[in-house]
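Per-entry structural report
Next come the chains, spelled out residue by residue.
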Amino acid sequence: MEVNAILSNPNTALKAPETTMPEIVFVGHQCNFSQSLITATTQELGYTVSKVLSSFNDMYKLISQKGGDPTVLVMDEPTLRDLQDRDRQFLLELGDNVAIGLAFGSVAFGVACYNDPALRTRSISIFPINVRLDVWLSIVRLISHGGSYVCPDVIAEQASDMRHDPNEDICLTQRQIDVLRLVADGQPNKRIADQLGLSVHTVKLHLHNACLRLGARNRTEAAMRFRASRL
């Protein structure tokens, strides 16, 4: 086949052998990673091989079959929300050569991920799923070349969320403090979520991050340490 024929047919140029590990792997719902978005992304990055997976479990299978890691891994918010402990550990233990990106739907979740110490050690890129195509392509291109990107809205919201009560000596965000106050009052996660206008999952994320910062093993111990810090 002539070179001109290959260049005129992107699908032919992008087709990879079955044994090849895709350079860019997208994990998430098809409505977030549509075929048109993936095609535009792949063409923007040249002859990069990409693949879309519907679940993190498919990632295990892919890596097991191909015997290697992708260069870039991009997940949508629902995927990261649903990660089990073993999935999260697997994600954090991927080689340093794997660039990880989170395409979030809500800024609050992006902030929660940005505040997660374990995720920050991996320099995970955090950006919105709903952006203009040219912005999306610029972000993914940056990540694929070894860069890291965090949405300015996430940084601004995180800075606002870091405001502390003048009497607080512990390093917690305002949201973590709000959640811990209600935990210390004996409130369950669902009621805390209702009172603060958050999802139950977001409440759990705030508790998880608070436990990490306080060195607590669970929500009860975190609440006890929080209460002790107020005495």
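Every residue gets a number counted from 1 within its own chain, in the order that chain's sequence is written. Given that this is a predicted model, residues contribute local features only at a pLDDT of at least 70 and side-chain atom pairs are listed and counted only at 80 or more, while totals for whole chains, interfaces and linings are drawn from all residues. In computing side-chain values, all of the structure's heavy atoms are included and hydrogens and water are not.

**Considerations on the pattern of salt bridges**
- Take a side-chain nitrogen of Lys or Arg and a carboxyl oxygen of Asp or Glu: if they are within 4 Å of each other, that pair is a salt bridge. Taken as a whole, this structure holds eight salt bridges when the rule is applied.
- Its salt-bridge partner being Asp134, residue Arg132 comes within 3.0 Å of it at the nearest N-O pair.
- Owing to a relative accessible area of 56%, Arg132 belongs among the exposed residues under this scheme.
- Residue Asp194 pairs with Lys190 through a salt bridge whose shortest N-O separation is 3.7 Å. With Asp194 and Lys190 both in helix H12 (residues 189–196) and four residues apart, the pair spans about one turn of that helix. Of the two residues, Asp194 and Lys190, both sit in the exposed class. With a 1.4 Å probe rolled over the protein chains alone, any residue whose accessible area is under 20% of its type maximum counts as buried; one over 50% counts as exposed, and the rest are partly exposed. Helix and strand labels come from DSSP, where a helix needs a run of H or I of at least four residues and a strand needs a run of E of at least two; each type is numbered from the N terminus.

**Overview of the confidence of the model for the protein chain**
- Per-residue pLDDT for the protein chain averages 80, and the proportion of residues at 70 or more is 84%.
- Per-residue confidence from the prediction method is given by pLDDT, with values spanning 0 to 100. Contacts between residues were defined by any pair of non-hydrogen atoms, one from each residue, lying within 4.5 Å. Note on residues 1–18: pLDDT is under 50 here. Beyond four places in sequence and across chains, it has 13 contacts.
- Per-residue pLDDT stays below 50 along residues 163–169; that stretch engages in 15 contacts with residues further than four places along the chain or on separate chains.

**Describing the sheet that holds strand S1 (residues 24–27)**
- Here, strands pair whenever DSSP counts at least two bridges between them. An order of S2-S1-S3-S4-S5 is seen for the five strands of this open sheet, with the pairing classed as parallel. Here the strands that pair on one side only, and so sit at the sheet edges, are strand S2 (50–53) and strand S5 (125–128). Averaged over all pairs of adjacent strands, the angle between their axes in this sheet comes to 20°, without regard to strand direction.
- In the sheet, S1 pairs with strand S3 (residues 72–76) via four bridges, with the strands oriented parallel. Within S3, the position partnered with Phe26 by the bridge is Val74. Axis lines are fitted through C-alpha atoms, for helices just across the contact stretch, and the angle between N-to-C directions can take any value from 0 to 180 degrees.

**Describing the packing of aromatic side chains**
- Pairing of aromatic rings covers Phe, Tyr and the six-membered ring of Trp, with a centre-to-centre limit of 6.5 Å; geometry is then stacked below 30 degrees between planes, edge-to-face above 60, and tilted otherwise. Evaluation of the coordinates by the stated rule reveals six aromatic pairs.
- Considering the side-chain rings of Phe33 and Trp136, the 6.3 Å spacing of their centres and the 50° angle between planes classify their relative orientation as tilted. Taken together, the residues Phe33 in the loop between S1 and helix H3 (35–44) and Trp136 in helix H9 (residues 133–144) connect sequence positions 103 residues apart. Summarising the burial analysis for this pair, Phe33 and Trp136 share the class buried.
- Centroid distance Phe56 to Tyr60: 5.7 Å. Interplanar angle 85°. Geometry classified as edge-to-face. Highlighted residues: Phe56 and Tyr60, both in helix H4 (residues 56–66), separated by four residues, approximately one helical turn.
- Classification of Phe56 as buried rests on a relative accessible area of 5%.
- Connected via pairs of aromatic rings, a cluster forms that spans Phe26, Phe33, Phe127 and Trp136.
- Sitting over a ring, as applied to charges here, requires NZ of Lys or CZ of Arg to be within 6 Å of the ring centre and within 35 degrees of the ring normal. Seen from the ring of Tyr60, Arg86 lies directly overhead, with NZ or CZ sitting 4.1 Å from the centre.

**Remarks on the packing of helix H11 (residues 174–184) against helix H13 (residues 200–214)**
- In contact at an axis separation of 9 Å, H11 and H13 are set at 95° when each is read in the N-to-C sense. When the axes of H11 and H13 are compared, the pair comes out roughly perpendicular. Along its contact with H11, which presents Arg175, Gln176, Val179, Leu180 and Val183, the element H13 presents Val203, His206, Leu207, Asn209, Ala210, Arg213 and Leu214.
- Per-class residue counts for the contact of H11 with H13 are seven nonpolar, three polar and two charged. Under this scheme an angle from 65 to 115 degrees is roughly perpendicular, one under 35 degrees roughly parallel, and one over 145 degrees roughly antiparallel; angles in between are oblique. Polar here means any residue other than Ala, Val, Leu, Ile, Met, Phe, Trp, Tyr, Cys and Pro, which are nonpolar, and Asp, Glu, Lys and Arg, which are charged; Gly is therefore polar.

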